[in-house]
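# Structure assessment
Next come the chains, spelled out residue by residue.
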Amino acid sequence: MSEIRTGLGWDVHRLAPGRPLILGGVTVPCEFGLEGHSDADILAHALTDAVLGAAALGDIGMHFPDSDPRWKGCDSLVFLRHAKELAEALGYRIVNVDSTVILEQPKLKDYRQAIRERIAEALAVEPDRVSVKFKTAEKLGPVGEGRSAEAQAIVTLQKLGTGPWIDAA
Ligand code: C5P
Ligand code: MG
């Protein structure tokens, strides 16, 4: 029996002037960035929750509480790498990840390839297993008004040694 599991992640952070805008480990040049205890990388946080969710390992706050001074200003790819290692320890490998960053501006599409490569590196998979999409909120709500940014992610895991994709039996 083939074991395929999916996990969902979501995150939101406020925008703040003078903070770095870090998405999937890539710093996007911008006069504002994301507020948060760590480096506030919403995309890495959503992906981390998706990996943890697929393996039913709780959520990011359980593993990396924002009250812990160790995670202050931390590179959030550390969280993603750790989640992947926990899933691997249960025998899972990452099949693919898909994600969306919702931010009114700046335009992010020129950073897509760099972001995909950073995430792929953290997850130790090929970049073609990593999809990153961008959307505005069409000026609606807190994201559309330029007060926050959101990220959504979905991850598929496969338990090693449990192929094929569709059970022939
Ligand atoms: O939100 P909307 O559908 O208008 O976005 C159109 C396209 O603009 C997206 O598919 C994406 O390629 C790009 N985009 C971007 N950076 C953003 C938002 C959207 O590059 N912050
Ligand atoms: Mg977060």
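Let us look at the structure shown here.

Scoring rules and cut-offs
Residues numbered from 1 in each chain as written. Chains lettered and ligands numbered in written order. Predicted model: local features only at pLDDT ≥ 70, side-chain atom pairs only at ≥ 80, totals over all residues. Heavy atoms only, no water. Buried < 20%, exposed > 50% of the residue type's maximum accessible area, 1.4 Å probe, protein only. Helix = DSSP H or I, 4+ residues; strand = E, 2+ residues; numbered from the N terminus. Pairing = 2+ DSSP bridges. Axes fitted to C-alpha atoms, helices over the stretch in contact; angles between N-to-C directions. Parallel < 35°, antiparallel > 145°, perpendicular 65-115°, else oblique. Contact = heavy atoms within 4.5 Å. Nonpolar A, V, L, I, M, F, W, Y, C, P; charged D, E, K, R; others polar. Near = heavy atom within 4 Å. Polar contact = N/O pair within 3.5 Å; in protein donor to acceptor, adjacent residues only side chain to side chain. Areas by Shrake-Rupley, 256 points an atom, 1.4 Å probe, with all protein chains shown as cover. Salt bridge = Lys/Arg side-chain N within 4 Å of Asp/Glu carboxyl O.

### A few points about the pairing of strand E7 (residues 148–159)
Within E7, nine of the 12 residues are buried, which leaves it mostly tucked inside the rest of the structure. Where strand E1 (residues 4–17) meets E7, 11 bridges bridge the pair, whose relative direction is antiparallel. Directly across from His13, in E7, lies its bridge partner Ala149.

### Let's talk about the packing of helix H1 (residues 42–54) against helix H3 (residues 77–89)
How two helices pack is summed up by the angle between their axes together with the distance between the axes. Where H1 meets H3, the axes come as close as 9 Å, and the angle between the chain directions of the two elements is 10 degrees. The angle between H1 and H3 places the two elements in the roughly parallel class. Here Ala44, His45, Leu47, Thr48, Val51 and Leu52 of H1 lie close against H3, whose contacting residues are Leu77, Phe79, Leu80, Ala83, Lys84, Leu86 and Ala87. The class makeup of the residues in the contact of H1 with H3 is 10 nonpolar, two polar and one charged.

### So, the site of ligand 1
If you check the shell around ligand 1, you find Leu103, Pro106, Lys107, Leu108, Lys109, Arg112, Phe134, Lys135, Thr136 and Glu138 and nothing else. In this structure, a nitrogen atom belonging to ligand 1 sits 3.0 Å away from a main-chain N or O atom of Pro106. In this structure, an oxygen atom belonging to ligand 1 sits 2.7 Å away from a main-chain N or O atom of Thr136. Look at ligand 1: alone it shows 460 Å² of surface, and the protein chains cover 74% of it. Of the residues belonging to the shell around ligand 1, the class tally is four nonpolar, one polar and five charged.

### With respect to the pattern of salt bridges
Under the definition given, this model contains seven salt bridges. In this structure, Glu3 engages Arg5 in a salt bridge whose closest nitrogen and oxygen atoms are separated by 3.2 Å. Glu3 gets classed as partly exposed once you look at its relative accessible area, which sits at 28%. In this structure, Asp98 engages Lys133 in a salt bridge whose closest nitrogen and oxygen atoms are separated by 2.9 Å. Residue Asp98 is found in strand E5 (residues 92–102), and its partner Lys133 is found in strand E6 (residues 130–135); the two are separated by 35 residues along the sequence. Here Asp98 falls in the partly exposed class, since its relative accessible area comes to 25%. Residue class for Lys133 comes out partly exposed when judged on its relative accessible area of 34%.

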